Amino acid sequence: VEKLYRVYINSANVVSMTMSVSVITAGPTKSLITSRSNSYGGVYTETVWNDGQVKVTDLKTGKRHPSSYAEYDLTDYNRLFGTAADYSQVELEGSLWKMAPIDETKPTLYYSSCEERIVKASQVAGDTTNVYTYAYYDEGADFPGAVSKMLIERSVYMKDASMRDYLKSDTLRATYEISIVSIKKRSVLPAKMFDLY
């Protein structure tokens, strides 16, 4: 599958960045991610993920970072959810089913009976709170049920007094909006495309 993402990041008027990201996947273990942004002097990178290893290349300079191990595919959002065995308590909250995790470090999930999907997740880790909101392609799309948009709202409590003074707040808030602007099926892809060496 080939997906084209638009990523918008905004954080307390300190950072405002738009990126375009192209992702080509060949099954569940291989992906090629090309990212381009005008921020920080222009970023243009290629990331290859292949069976648990990752290689990153700066396409502006040609510099390649050494291959390393990666725990998961960077584009696999479902890894956050875990499995049904990770959740113990289910209760109705508003119009959504709230599923509490057994392990408190895991996210709380919110399931929509109408959409038959997880539409929201929230997670607290130390001083950071993340809320993920998902939208999906409908049944009339080429890829029904695939994620079409993800919004991440992150709040970080600032322990440093000078940073709180700078931000005029005790919390740094960041919003990441990830939209899939196109998605299409690709024919068989050459193995060389996912080469790590």
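Small disclaimer: the values here were computed from a predicted structure and weren't measured.

(A) Examining the overall build of the chain more closely. The number of helices and strands found in the chain is one helix and 13 strands. Listing the helices and strands of the chain from first to last along the sequence gives β-β-β-β-β-β-β-β-β-β-β-β-α-β. Viewed in the frame of its principal axes, the chain has a C-alpha envelope of about 50 × 45 × 30 Å. Counting all 197 residues of the chain, 35% fall into the buried class. Sequence separation of 24 or more characterises 33% of the internal contacts of the chain that already satisfy a separation of 6 or more. Averaging the locations of the 23 positively and 24 negatively charged side chains of the chain gives two centres separated by 8 Å.

(B) Focus on the pattern of salt bridges. Counted under the stated rule, the structure contains six salt bridges. One salt bridge connects Lys-98 with Glu-93, and the closest N-O pair in it is separated by 3.7 Å. The salt bridge partner of Asp-127 is Lys-159, with a shortest N-O separation of 3.2 Å. Here Asp-127, found in the loop between strand S10 (117-125) and strand S11 (128-136), pairs with Lys-159, found in the loop between strand S12 (147-157) and helix H1 (161-167); they are 32 residues apart in sequence, far enough to count as distant. Residue Lys-159 is classed as exposed on the basis of its relative accessible area of 62%. When salt bridges that share partners are traced, they join Glu-2, Lys-184 and Arg-186 into one network.

(C) Layout of the nonpolar core. Residues Tyr-5, Val-7, Val-21, Leu-109, Tyr-132 and Tyr-134 are the most contacted members of the largest nonpolar core, which totals 28 residues. The dominant element in this core, judged by the number of residues it contributes, is strand S2 (residues 15-25), at four residues. Setting aside chain neighbours within four positions, we find Val-21 in contact with Lys-3, Leu-4, Tyr-5, Val-7, Ile-33, Thr-34 and Ser-35.

(D) The arrangement of the packing of aromatic side chains in detail. What the rule picks out here adds up to one aromatic pair. Across the ring face of Tyr-136, the terminal group of Arg-117 is positioned such that the distance to the ring centre comes to 5.4 Å. The ring of Tyr-110 has Lys-120 lying over it, and the distance from NZ or CZ to the ring centre is 5.0 Å.

(E) Molecular detail of a nonpolar patch on the surface. A cluster of nonpolar side chains, Val-90, Leu-92 and Trp-97, forms an exposed patch at the surface whose accessible area comes to about 290 Å². When you line up the elements, Trp-97 lands in strand S8 (residues 96-101).

(F) Molecular detail of the pairing of strand S1 (residues 2-11). Across 10 bridges, the pairing between S1 and strand S13 (residues 171-184) is antiparallel. Across the sheet, the residue bridging to Arg-6 is Ser-179, located in S13. The pairing of S1 with S2 spans 10 bridges and is classified as antiparallel. From the neighbouring strand, Ile-9 faces S2, where its bridge partner is Met-17.

(G) Geometry of the environment of Val-147. Tracing the backbone through its elements, the reader meets Val-147 in strand S12. Residue class for Val-147 comes out buried when judged on its relative accessible area of 14%. Along the chain, Val-147 and Thr-105 lie 42 residues apart, while their C-alpha atoms are 24 Å from each other.

(H) Expanded view of the environment of Ala-191. By secondary structure assignment, the location of Ala-191 is in the segment after S13. As for Ala-191 and Val-43, which are separated by 148 residues in sequence, their C-alpha atoms are 26 Å apart.

(I) Representation of the pairing of S13 in the model. As defined by bridge partners, S12 adjoins S13 across nine bridges and the pair is classed as antiparallel. In the strand pairing of S13, Leu-151 is matched with Glu-177.

Rules used in this analysis
- The residue numbers shown here count from 1 along each chain, following its written sequence.
- Per-residue local features are limited, in this predicted model, to residues with pLDDT of at least 70; the limit for side-chain atom pairs, both in listing and counting, is 80 or more; totals at the level of whole chains, interfaces and linings are taken over all residues.
- Working from all heavy atoms in the structure, the side-chain values ignore hydrogens and water.
- Counting from the N terminus, the helices are DSSP H or I runs at least four residues long and the strands are E runs at least two residues long.
- For the exposure calls, accessible area comes from a 1.4 Å probe over protein chains only, and a residue counts as buried if that area is under 20% of its type's maximum, exposed if over 50%, partly exposed in between.
- Note on contacts: a residue pair is in contact if any heavy atoms of the two residues lie within 4.5 Å.
- Under this rule, positive means Lys or Arg and negative means Asp or Glu; His and the chain ends count for nothing.
- A single reference atom marks each charge: NZ on Lys, CZ on Arg, CG on Asp, CD on Glu.
- Within this document, salt bridges are pairs made up of a side-chain nitrogen of Lys or Arg and a carboxyl oxygen of Asp or Glu, the two lying within 4 Å of each other.
- Only buried Ala, Val, Leu, Ile, Met, Phe, Trp, Tyr and Cys residues count toward a nonpolar core, and they belong to the same one when joined by side-chain atoms within 4.5 Å.
- Ring pairs are drawn from Phe, Tyr and Trp, using the six-membered ring of Trp, whenever the two centres fall within 6.5 Å, and their geometry is named by plane angle: stacked under 30 degrees, edge-to-face over 60, tilted for the rest.
- Two conditions define a charge located above a ring, namely a distance within 6 Å from the ring centre to NZ of Lys or CZ of Arg, and an angle within 35 degrees of the ring normal.
- Each patch groups residues whose relative accessible area exceeds 30% and which form no salt bridge, using 9 Å between like charges and 5 Å between nonpolar side chains of Val, Leu, Ile, Met, Phe, Trp and Tyr.
- Residue burial considers only the protein chains on display, and all accessible areas are found by Shrake-Rupley using a 1.4 Å probe.
- Each pair of strands is called paired provided DSSP finds at least two bridges between the two strands.

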